[in-house]
Structures are given as structure tokens and as C-alpha cells.
Amino acid sequence: MTTPSLAPPVRIGKAAVGALGMLAAATGVLEAVVSPTLPLLQRELSISRAEGALLSIAMLITGAIFAPIAGNLGDRHGGKWVITRLMTVVVAGGLVSAVAPNLPVMLLGQVLQGAMVGAMPLSFILVRKYLPPGESGVAIGVVSGLFLGGGMLGTLIAGPIAEGLSRHWMFAIPTFAIIVATLFVHRLMPNDPPARTGAKMDWPGLVLLSGILLTLMFVLAMVPDAGGQPLVFGAVVVFLAALVAGWVSVERRSPTPMVDLRMLAKPAIWSSYAITFAVCLGTSSSMFLVPQLFEVPAEAYGFGASATDIGRYLLPGAVAAAISGPLSGVLARRFGASAVVATGIGFLAATLVAMAFIHTEVWHLVIGKVLVALASGICVTAMVVKTATSVDHGETGTATSLVLVIRVIAYAAGAQLGGAFLTAATPAGSNIPAESAFITVFVIAGVVTALSLLAVRTLSKGVKE
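About the thresholds
Residues numbered from 1 in each chain as written. Predicted model: local features only at pLDDT ≥ 70, side-chain atom pairs only at ≥ 80, totals over all residues. Heavy atoms only, no water. Disulfide = S-S within 2.5 Å. Core = buried A, V, L, I, M, F, W, Y, C linked by side-chain atoms within 4.5 Å. Buried < 20%, exposed > 50% of the residue type's maximum accessible area, 1.4 Å probe, protein only. Contact = heavy atoms within 4.5 Å. Helix = DSSP H or I, 4+ residues; strand = E, 2+ residues; numbered from the N terminus. Phe/Tyr/Trp six-rings, centres within 6.5 Å; stacked < 30°, edge-to-face > 60°.

## Considering the state of the cysteines
By definition, a disulfide links two cysteine residues through a covalent bond between their sulfur atoms.
Now for step 1: Applying the stated criterion across every chain yields a total of zero disulfides.
Now for step 2: Cysteine Cys280 is unpaired, with the sulfur of Cys379 as its nearest cysteine sulfur at 9.3 Å.

Okay, structure coming up:
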């Protein structure tokens, strides 16, 4: 393993960073279109709420596998080389989703789209190579913020596109944008040399880690029916534990491990991962619950909103998410990352608990989503920047990809948590879950988020703010 020079051979301009940001925004849009249109997709594809929850995390399942592989390959072979090829898979997935006539084909398209999760660590590799530390941190915040902003934009426009044109176009339009953005990245970004040369790929570690993530997602998917088949669920959990033990053993003995376990032991790293999980689980729960709550008929306890209405209600949240990335960087420089993260967690936890008991008017949920988007975006961006700047250049892709893997797992867990409670609380012969299920999930999400405050004090241990 070689140590790269700290001085980059060339500098990239704002146009190159803008191309990466454009790609992040486009992938964020494509990632987000399922969430606000989930009730519509459930109707058109004739699927249950539990199957809808599975559809909402299918992309995340592949993303959890792709992210560490892409980050590791980017460290070894160069970020630009990997990112352009990765986008080919994403485009294929977007087109498959666009023409999908049924649930199995839609799931295939979502699985292929999951490759987009690997684009973020590759972008971070590129900006760290070609920008000085201060500017690279800002660029990482901008790219992260645009990804989150793109996600909220996708939430906003998905409904109008699906209802005004068709559900097929809500996948096709952002897919075309990804094609254009990838061409810009290819044109404007220099070919970057690998940060780790001469190191062989840790194939045993890669296979075991992929197995761990896939099994973990399978466990999450089984949660709604775990009570009906406890022996099968228990066997899968034991198998997951065996995979984890085997992976740890392999990584400890490998001369070129896929993930250096000594890196995971750094307080700034493991605390970032713990905080990211809690914050994203709380955020994901609200992302799943709010569209479902908006769709509940007005004669019950909801608002009978259409997919277009839902997107319009979430517009303020889209604005909040778009500014959360840059705002996170500014606040962290002024007050310190730990203070900013602790404040964000406090606001997020309080908002989730408040939404459990105050959701009788549309504006209650609109304001709640604004605070969730802003607080979550600030916290997650701060965690990505903290992780990227706490490791050597040769570990940037791997370390930041694991942040995104944690985000994926947490989003899947939050969606399944919501799906399980709503499905269990839906009476036979009805498609309206009991309101108490929404209250319970909001409270659980708020408590889990608040518990991450325990890790904030460790966030800056051994690292300068």
C-alpha cells in the first residue's frame, strides 16, 4: 500500500464540483420518487402496505451492498473510472422501473437503481484529491446537501408527474437527468489516480460483507411476520451472527482488508456511524408515515390527499433539505460539529414526538417535515464531513461509504418499522390502520433519535473540531 501525496497534482474548478452536485441531485430525485407515490403504486400494482414497505427498501438493499464495494474500488482504481460505470447500472435500473408492468419487474429496477448509493463516496474521493482540506469539506457539504435536496425535489415532483403523465415518467425523467450529469462529470472531471496502488481486492471480505448486508436486509423484511415464524426468524438471525463473526476474523487476518477494523475503532468514526443510524431511522420513519397519514380519508383521521397534494405539502421540506448541507458546514465551522449535531438531534427527536400527538391539521405535518428535513440534513452532512476528514486519503471512499451503508440500513429499518406497525394495526376488511400505530412509531423514532445524544460526546474525542 502506498501513501498518496497530500498535494493534489491539479485543481478542479466550480464547474467540476457543480457536475458532481448535479449528479448527486439527479440521483437523489430518482431515489426519492417512490416514497410520496407509494400509495399510488400500491393501488396500481395491487400490492399490500407490507409489500409497499418492501418496495420502498428494495433499492436500499442493493445500495447497502454497492456502497462499500464502490468506495473500495474507487480508493483502488480512481473515483471517476468507477463512478461512470456505476451510473450505467443506475440508468438501466431507472429505465426498467419506468417500464415495469408489475411488482417483480419494479423490484428488479429498484435493485439496479441501488447502485446509485455508491456514487456519493466516489464523489468524496474526487473532491478530496483535487481540493485543499478547507475547500474539500465545503464541497462535500454541497454535494451531500444537493443529494438531500434532490431527494426532497423528487418527493415534490413525483406525484404531479405520476398523475399528470404516468408513474412511468416519474422514473424516466430523473434517469435522463442522470445520463446528462454523468456526461458532464466525464467531461469536466480529470482522471484521478488510485489512492491505494498495488493492493489486491479482499474478495473473501467483500463476499462476507455483502452476505451480511443482504441477510440483514432480509431480517428487516421478515420483521412484520417474525411472530408467525419465530424459528425461521431466529435461524436467520443466528446465520447473520455467524457471518459477522466470520467477516471480523477474515478482516483481522487480511493483509489488505476491505475495511480496516482499526479505522472503525476510532471514536470519531464509530460515534459518527451510531449517530447516523439513529438520525436516519427517525427520519425514515417519518418519511414513510407522513405520506400514508396524508392519504388516510378525511372522514377517518387523515386528509384524503392525492399524490400531487402530498408532493405540494412536502415542498417546504424540500427547501429545508436543499439548504441543510451548506448550512451544516457553516454552523460546524462557527460552533463546532458536536454542538451542531447535538442541537440537530434534539430538534429532530422533539419534532418526531410532537408529530405523534399533533397531526390534526395539514400545517402540523408540513412544519414537522420541515424541521425533520432540516435537522436530519444538518446531522447527516456533518457526519459525512466528519468521517471523510477523520481518515487518511486512501480510506476516504471506504469510510464514507460505510456512513451511507449505515444510512441505508437505518432507512430500511425505519420503513419496515412503519410498515409492520401499520399492517398489524389494520383491521380485517379495512385498508385504514388504527391511528395509534402512527403515534407509536413516531414516539419510537423520537426515542431512538434522542438516544444518539449519548454518542455525541465521543464524536470529537482525539479529533480537533
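## A short note on the nonpolar core
Now for step 1: Formed by 122 residues in total, the largest nonpolar core has its most connected members in Leu41, Leu55, Met170, Phe171, Ile178, Ile275 and Phe294.
Now for step 2: When residues no more than four places from it in sequence are discounted, the contact partners of Leu55 are Val34, Leu38, Leu41, Leu45, Ile47, Leu103, Met106, Leu107 and Gln110.
Now for step 3: In terms of nonpolar packing, the next biggest core, distinct from the first, is built from six residues, Leu148, Ala318, Ala321 and Ala373 among them.

## Focus on the environment of Val384
Now for step 1: With respect to the element layout, Val384 can be found in helix H16 (residues 362-388).
Now for step 2: Distance from Val384 to Gly141, taken between C-alpha atoms, is 8.1 Å for residues 243 residues apart in sequence.

## A short note on the environment of Gly150
Now for step 1: Inspection of the secondary structure assignment puts Gly150 in helix H7 (residues 133-164).
Now for step 2: Residue classification places Gly150 among the buried positions, given a relative accessible area of 3%.
Now for step 3: Sequence separation of Gly150 and Leu23 is 127 residues, and the distance between their C-alpha atoms is 9.5 Å.
Now for step 4: The contacts of Gly150, once residues within four sequence positions are left out, are Ala25, Gly28 and Val29.

## Here we look at the packing of aromatic side chains
Now for step 1: The tally for this structure, following the rule as stated, stands at three aromatic pairs.
Now for step 2: With 5.8 Å between their ring centres and 55° between their planes, Phe294 and Phe303 make a pair best called tilted.
Now for step 3: The buried category is assigned to Phe294, whose relative accessible area is 0%.
Now for step 4: Between Tyr301 and Phe438, the ring centres sit 6.0 Å apart and the planes meet at 70°, which makes this aromatic pair edge-to-face. Of the two residues, Tyr301 sits in the loop between helix H12 (267-295) and helix H13 (307-313) while Phe438 sits in helix H18 (residues 435-451), which places them 137 residues apart along the sequence.

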